[in-house]
Amino acid sequence: MAGLELKSLYKSYGEVEVIKGVDLSVDHGEFVVFVGPSGCGKSTLLRMIAGLEEITGGELWIGDTLCNAVEPRDRGIAMVFQSYALYPHMTVYENMGFGLKLAKTPKDVRDAKIREAARILQMENLLERKPGQLSGGQRQRVAIGRAIVRKPEVFLFDEPLSNLDAALRVDMRMELSKLHDELGSTMIYVTHDQVEAMTLADKIVVLNGGVVQQVGSPIELYQRPANLFVAGFIGSPKMNFAPVNVDRVEGTSVTISGKDIAAMTLEIPLNAVQAGDVLTIGVRPHDLVPSPSGAIVGRIGLIERLGNETNVNIELPSGASWLAVLDGDQALQRGASLIMNLDRAKIAVFDAGGQAVTAEKPLA
Amino acid sequence: MSFIRKYWLSAVAILVSVVVFLVPFAFIVLTAFKDPKQASLLDFSWPQGNYLWGNIVEVVTTRNWMLVTAFVNSSILTVASVALLVIFGAMVGFVLQRRKTRLNGLIEFLILAGLMIPPAVVPTIWLLQGIQLFGRLHGLILIEVAYGLPFTILLYRAFISTIPRELDEAAIIDGARPFDVFFKVILPLLWPVTVTNIVVQSVAIFNDFTNPLYYLPGNANATVQLTLYNFQSQFNTSYNLLFTNIVLITIPPLIVFLFFNRQIVAGMTAGAVKG
Ligand SMILES: Nc1ncnc2c1ncn2[C@@H]1O[C@H](COP(=O)(O)OP(=O)(O)O)[C@@H](O)[C@H]1O
Ligand SMILES: [Mg+2]
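Residues numbered from 1 in each chain as written. Chains lettered and ligands numbered in written order. Predicted model: local features only at pLDDT ≥ 70, side-chain atom pairs only at ≥ 80, totals over all residues. Heavy atoms only, no water.

## Overview of the overall build of chain A
Summing up its helical and strand segments, chain A has 8 helices and 20 strands in all. Each of the three principal axes of chain A carries a C-alpha extent, and together these read 75 × 50 × 35 Å. At a minimum sequence separation of 6, the contacts of chain A that also span at least 24 residues come to 65%. Total accessible area on chain A is roughly 16400 Å²; 49% of this is exposed by carbon and sulfur atoms. Across chain A, 36 positive and 44 negative side-chain charges occur, with their mean positions spaced 7 Å apart. (Helix = DSSP H or I, 4+ residues; strand = E, 2+ residues; numbered from the N terminus. Contact = heavy atoms within 4.5 Å. Areas by Shrake-Rupley, 256 points an atom, 1.4 Å probe, with all protein chains shown as cover. Lys, Arg positive; Asp, Glu negative; His and termini not counted. Charge placed at Lys NZ, Arg CZ, Asp CG, Glu CD.)

So, in structure tokens, the structure goes:
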């Protein structure tokens, strides 16, 4: 049984601070995904947990042990690398048994564990091959098998699927999900692909610039993003944004309008905004509905007809471009104008600092 | 005509190689078959009769079987030096490539210096005398290791930089200690370079003439190259025996080449590492 506790972790390379104070707690058996743009420090954070990077500041607890100075082999972790990192000179069987052999596990126990892992991953027929004779997907399987054999408390994955082609990636995603159910271990998974994050995670940690932006379940992040960054990063296609002004505040009814948006009234918590504030509203492409009496008018740009839905680019008066995903197949004319309504309950509102407007602001 | 136009350059190249490499070798072998009188003419003629066996017996038994002692000495010298070179060269190359510290620049400078600056013989002899290693085989082994190390390190380091670091890290996570990482993961992957190093260094050390001459004086210590002196003197040289001796001591390097040649080529073409 091992959860994880990260207490204000810092990492710097010389002058450059890469991880800037990460607090996170992971329960036993959770599937946690670190997601964020490339270079935001996901791998660094994972490697700090693995023990491959020294921790500059803060505490790392795995289970009940403070692990800052514990050797990787004693942390109860296993890691799967993006490039698989299989030992090219060993067979699949030897690759999977390498860790056990180093730990001087008796031969029969080792053999049983390797065969068990091979059975779980359905690759008993590959055991005698060398990595060079395997396809990308098979190598990935072996890398995962090598991790399973160690029976770790915590699995660490660093973008394990990004070297695979799209179809295989979807398959492996499902297998990983199944594997998590089967083994019940804690898994920490790094990816820059928010779809992978949404589909796999119990809990997503969104990172940007070495700072945690938001932690929550996939749906929480989708429905209630904490700031503009998370709103723009989670969800595909991306959320549309537009700046608006606050015209009038009457209790919780707030009237807003902007260059692209006709005046409309939203429900916003008491005292969160004041008349004259500049806000940003965010609308998901799926929440836009054509309607003769909508708040948004734009010119139709590129149209993608996918059959089950239609993606429409709309140029707004300010020059901003929004994307709407309309149900079914819609026969639309490029260059025509389109009026759309928004589902008010689903509009996300952000203050000038980019934070979601939710809690009450203290009265000035 | 077009045939000639197409291949004349290749033909010239082959002809030049034959003249440069095979003619001297043929001369050596032919002379080894001759009797002293014909050999002393030093001409490129067919031997009048076969005196090879007699020459061999004389060469081997000269000066109380010195050639046999020399072969034993040279074998010990070569095997020990090459083994140490491979192990230390690979280790230094590994650490130098993987661990970046402030000392790296200095170490690389020293390696290059070792490659370029000619060794100073007299101070080296003083040093060896000071630590009681002068005139001893293991002293010479250390000398050969020291002289060969820079080249070996450079070869290894270049190759190690093509082995992804994630491989080391995977091994560390699997519980490998530093020596496990090196001996169980890295060293086996270095086989192609190791073969190259074995061939290059063992031939160089086996054929080394000057270092044994300086640092390992004495008949009991002779290495094979020094046995060539047995048949040369200022006034009279037994060319038939000299060339027989050359033929005999050329055989081991030749075997090494024939044995490893395929492996060098195979190792190079396999590229071998990406997993
Ligand atoms: N060894 C290093 N020395 C200096 N900077 C590094 C080092 N490793 C990573 N970085 C920097 O740390 C940042 C985060 O890197 P990384 O964790 O690999 O990002 P990613 O989220 O894409 O996995 C990057 O800006 C990278 O340049
Ligand atoms: Mg990364």
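Moving on from the coordinates now.
## Things to note about the overall build of chain B
Along chain B, the regular secondary structure elements total 11 helices and 0 strands. When its helices and strands are written in sequence order, chain B yields α-α-α-α-α-α-α-α-α-α-α. For a compact globule of 275 residues, the expected C-alpha radius of gyration is about 19 Å, and chain B comes in at 23 Å, more than 25% above that figure. With the principal axes as the frame, chain B shows a C-alpha extent of 70 × 70 × 30 Å. A total of 275 residues make up chain B; the buried ones form 43% of that total. If you take every contact in chain B between residues at least 6 apart in sequence, the share linking residues at least 24 apart comes to 74%. Chain B carries 16 positive and 11 negative side-chain charges, and their two centres are separated by 5 Å. (Rg over C-alpha atoms; globule rule 2.2 N^0.38 Å. Buried < 20%, exposed > 50% of the residue type's maximum accessible area, 1.4 Å probe, protein only.)

## Some thoughts on the environment of F71 of chain B
All names here are of chain B. Here F71 is to be found in helix α3 (residues 52–98). For F71, a relative accessible area of 23% puts it in the partly exposed group. Separated by 10 residues in sequence, F71 and T61 have C-alpha atoms that sit 13 Å apart. Once you skip the residues sitting within four places of it in the chain, F71 turns out to touch F206, V224, L248, I249 and P252.

## Some thoughts on the pairing of strand β19 (residues 337–342) of chain A
Residue and element names in this part refer to chain A. The two faces of β19 differ: L338, M340 and L342 on one face are buried, but S337, I339 and N341 on the other face are not. Pairing between strand β15 (residues 288–290) and β19: 3 bridges, direction antiparallel. When the bridges of β19 are listed, V289 appears paired with N341. (Pairing = 2+ DSSP bridges.)

## A look at empty space enclosed by the protein
Taken as a whole and assessed by the stated rule, the structure comprises 1 cavity of 30 Å³ or more. The computed volume of the largest cavity comes to approximately 60 Å³. Around the largest cavity, the lining residues are A78, M79, F81, A143, R146, A147 and R150 of chain A together with A170, I173 and D174 of chain B. Broken down by secondary-structure element, the contributors of at least two residues to the lining of the largest cavity are β6 (77–80) and α4 (136–149) of chain A together with α7 (165–173) of chain B. By residue number, the principal contributor to the lining of the largest cavity is α4 of chain A, which donates 3 residues. (1 Å grid on protein atoms, 1.4 Å probe; cavity = no way out; pocket = protein on both sides within 12 Å on 5 of 7 lines; lining within 4 Å. Points joined across faces, edges and corners; volume = space filled by probe spheres on them.)

## Digging into the interface of chain B and chain A
Taken residue by residue, the interface counts 18 residues in chain B and 23 residues in chain A. Where chain B abuts chain A, roughly 1900 Å² becomes buried across the two surfaces, and 63% of that area is made up of carbon and sulfur atoms. Here E169 of chain B ties to R47 of chain A by a salt bridge, and the two come within 2.8 Å at their closest N and O atoms. Joining chain B to chain A, the criterion identifies 8 residue pairs in polar contact (both at pLDDT 80 or more). Among the elements of the structure, α7 and α8 (178–189) of chain B are those that each provide at least two residues to the side of chain B that touches chain A. Broken down by element, the residue count for the side of chain B that touches chain A peaks at 7 residues, all from α7 of chain B. Among the residues making up the side of chain B that touches chain A, the classes are represented as 10 nonpolar, 2 polar and 6 charged. (Buried area = accessible area lost by both parts, 1.4 Å probe. Salt bridge = Lys/Arg side-chain N within 4 Å of Asp/Glu carboxyl O. Polar contact = N/O pair within 3.5 Å; in protein donor to acceptor, adjacent residues only side chain to side chain. Nonpolar A, V, L, I, M, F, W, Y, C, P; charged D, E, K, R; others polar.)

## Quick word on the site of ligand 1
Residue and element names in this part refer to chain A. Looking at ligand 1, the residues that line it are Y13, V18, S38, G39, C40, G41, K42, S43 and T44. Between ligand 1 and Y13 there is a distance of 3.3 Å, counted from a nitrogen atom to a side-chain nitrogen or oxygen. In the model, an oxygen atom of ligand 1 is placed 3.2 Å from a nitrogen or oxygen of the C40 main chain. When ligand 1 sits alone it has 570 Å² of accessible area, and the protein chains cover 55% of it. (Near = heavy atom within 4 Å.)

## With respect to the layout of surface pockets
Sizing a probe to match a water molecule and rolling it over the atoms shows the empty space that remains. Taken as a whole, the largest pocket spans an internal volume of roughly 930 Å³. For the largest pocket, the lining is made up of 24 residues, of which R98, R99, R165, D168 and I172 of chain B are closest to its centre. If you list the elements that add at least two residues to the lining of the largest pocket, you get α3, α7 and α8 of chain B. Space inside the second largest pocket adds up to approximately 500 Å³. Taken together, 20 residues make up the lining of the second largest pocket; nearest its centre are Q223, A345, K346, I347 and A348 of chain A.

## A few points about the packing of helix α2 (residues 92–102) of chain A against helix α3 (residues 107–120) of chain A
All names here are of chain A. Running from N to C, α2 and α3 point in directions that differ by 135°, and their axes come no closer than 10 Å. One element, α2, and the other, α3, form an angle in the oblique class. You can see that α2 and α3 cross each other, and the crossing is right-handed. Along its contact with α2, which presents Y93, M96, G97, L100 and K101, the element α3 presents R110, D111, K113, I114, R115, A117 and A118. For the contact of α2 with α3, the per-class residue count stands at 6 nonpolar, 1 polar and 5 charged. (Axes fitted to C-alpha atoms, helices over the stretch in contact; angles between N-to-C directions. Parallel < 35°, antiparallel > 145°, perpendicular 65-115°, else oblique. Left-handed = near helix turned anticlockwise from the far one by under 90°.)

## Re the confidence of the model for chain B
Low pLDDT means the predicted coordinates in that region are not meant to be read closely. Residue and element names in this part refer to chain B. In this model, chain B carries a mean pLDDT of 88, and residues with pLDDT of at least 70 account for 95%. Low pLDDT, under 50, characterises residues 269–275; the stretch is placed with 10 contacts to residues that sit more than four places away or in other chains. With a pTM of 0.85, the predicted complex shows an ipTM of 0.86. (pLDDT = per-residue confidence, 0-100.)

## A look at the pattern of salt bridges
Any two side chains of opposite charge can pair, so long as their charged atoms come close to each other. All names here are of chain A. As enumerated under the stated definition, the model contains 14 salt bridges over all chains in all. One salt bridge connects E30 with K203, and the closest N-O pair in it is separated by 3.4 Å. You can see E30 sitting in the loop between β2 (16–26) and β3 (31–35) and its partner K203 sitting in strand β9 (residues 203–208), a full 173 residues away along the chain. For K203, a relative accessible area of 14% puts it in the buried group.

## Notes on unusual backbone geometry
Residues and elements named next belong to chain A. Across the junction of S236 and P237, the peptide omega takes the value -5°, indicating a cis bond. Along the polypeptide, P237 turns up in the loop between α8 (228–233) and β11 (240–250). The backbone phi angle of S8 is positive, close to 35°, even though this residue is not glycine. Residue classification places S8 among the partly exposed residues on the basis of a relative accessible area of 32%.

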